[in-house]
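The lines below spell out each chain.
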Amino acid sequence: DSYFYALERDTRISLHQKAERMFKTPTDVGDEALGEKFKKALKQEKGTIEYTLNGKNMTALYEFSPELGWYFFIAKERPTAS
């Protein structure tokens, strides 16, 4: 129930379990607000980001790898309040 993916500094998806998302940006797979949220997050070396994608509320931890030049993310859907 977790997702692993990597983004380049320009927010292009460089690694994803869903092949159709490869080489796209968060804006391409979500909406414009999602792209801006990721651009803001990638100004930091590591952190947490919360976003909504395809109706799912997600939380992701991320960290930059200077060796590869990629940001690595581990994301999980947040439970909805009942």
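Criteria and thresholds
- Throughout this document, residue positions are counted from 1 along each chain, in the order its sequence is written.
- Since the coordinates come from a predicted model, pLDDT governs what is reported: local features require at least 70, and pairs of side-chain atoms require 80 or more to be given and counted, while whole-chain, interface and lining totals use all residues.
- Based on all heavy atoms of the structure, the side-chain values leave hydrogens and waters out of the count.
- Numbering of helices and strands runs from the N terminus, with a helix taken as a DSSP run of H or I at least four residues long and a strand as a DSSP run of E at least two residues long.
- We call two residues contacting when some pair of their heavy atoms lies within 4.5 Å.
- Polar contact is the term for a pair of N or O atoms within 3.5 Å; when the atoms are in protein, one must be able to donate a hydrogen and the other to accept it, and sequence-neighboring residues count only if both atoms are side-chain atoms.
- Pairing between two strands is assigned when DSSP locates at least 2 bridges connecting them.
- Comment: axis = line fitted to C-alpha atoms, over the contacting stretch for helices; angle = value between 0 and 180 degrees taken between N-to-C directions.
- Within 6.5 Å between ring centres, the rings of Phe, Tyr and Trp (the latter by its six-membered ring) count as paired, and their orientation is classed by plane angle as stacked under 30 degrees, edge-to-face over 60, tilted in between.
- Categorising residues by exposure relies on relative accessible area from a 1.4 Å probe, with only protein chains included: less than 20% of the type maximum marks a residue as buried, more than 50% marks it as exposed, and the intermediate range marks it as partly exposed.
- Note on geometry: a ring has a charge over it if NZ (lysine) or CZ (arginine) is within 6 Å of the ring centre and within 35 degrees of the ring normal.

Quick look at unusual backbone geometry
Phase 1: The phi torsion at Thr 11 lies on the positive side, around 75°, for a residue other than glycine.
Phase 2: Tracing the sequence through the fold places Thr 11 in the loop between strand 1 (2-8) and strand 2 (13-16).
Phase 3: With a phi close to 70°, Phe 23 is a non-glycine residue in the positive phi region.
Phase 4: With respect to the element layout, Phe 23 can be found in the loop between strand 2 and helix 1 (26-29).

Looking at the environment of Lys 56
Phase 1: Take Lys 56: it is sitting in strand 4 (residues 56-65).
Phase 2: Taking C-alpha positions, Lys 56 is 9.5 Å from Lys 76, a pair spaced 20 residues apart along the chain.
Phase 3: Residues within four places of Lys 56 in sequence aside, it is in contact with Tyr 3, Tyr 51 and Glu 77.
Phase 4: Here Tyr 3 takes part through its side chain, which lies 3.4 Å from a polar atom of the side chain of Lys 56.

Things to note about the side chain of His 16
Phase 1: Turning to its location among the elements, His 16 is positioned in strand 2.
Phase 2: Within polar-contact distance, the side chain of His 16 engages the backbone nitrogen of Lys 18 at 2.9 Å.
Phase 3: Among all residues touching His 16, those that are not within four sequence positions of it are Phe 4, Tyr 5, Arg 21 and Met 22.

Looking at the sheet that holds strand 2
Pairing between the strands of a sheet comes from backbone hydrogen bonds, and it takes one of two forms, parallel or antiparallel.
Phase 1: Read across the sheet, five strands follow the order 2-1-5-4-3 without closing on themselves; strand pairing throughout is antiparallel. A single partner strand is all that each edge strand has here, and the edge strands are strand 2 and strand 3 (46-53). On average, each strand axis in the sheet is inclined to that of its neighbour by 25°, with strand direction left out of account.
Phase 2: Where strand 3 lies against strand 4, eight bridges are found, and the strand directions are antiparallel. Counted as the bridge partner of Ile 49 is Ala 60 from strand 4.
Phase 3: Each of strand 1, strand 3, strand 4 and strand 5 (70-77) is contacted by helix 2 (residues 32-41), which is oriented at about 175° to strand 3, the strand it contacts most.

A look at the packing of aromatic side chains
Phase 1: A complete count under the given rule lists eight aromatic pairs for this structure.
Phase 2: Ring geometry for Tyr 5 versus Phe 73: centroids 4.8 Å apart, planes at 5°, classification stacked. You can see Tyr 5 sitting in strand 1 and its partner Phe 73 sitting in strand 5, a full 68 residues away along the chain.
Phase 3: With relative accessibility at 0%, the residue Phe 73 sits in the buried group.
Phase 4: Aromatic pair Phe 64 and Tyr 71: ring centres 4.8 Å apart, planes at 50°, arrangement tilted. There is no split in this pair, since Phe 64 and Tyr 71 are both buried.
Phase 5: Here a set of aromatic residues connected by ring pairs shows up, and it is made of Tyr 5, Phe 38, Tyr 51, Tyr 62, Phe 64, Tyr 71 and Phe 73.
Phase 6: The positively charged end of Arg 9 is found above the aromatic ring belonging to Phe 64, 4.0 Å away from the centroid.

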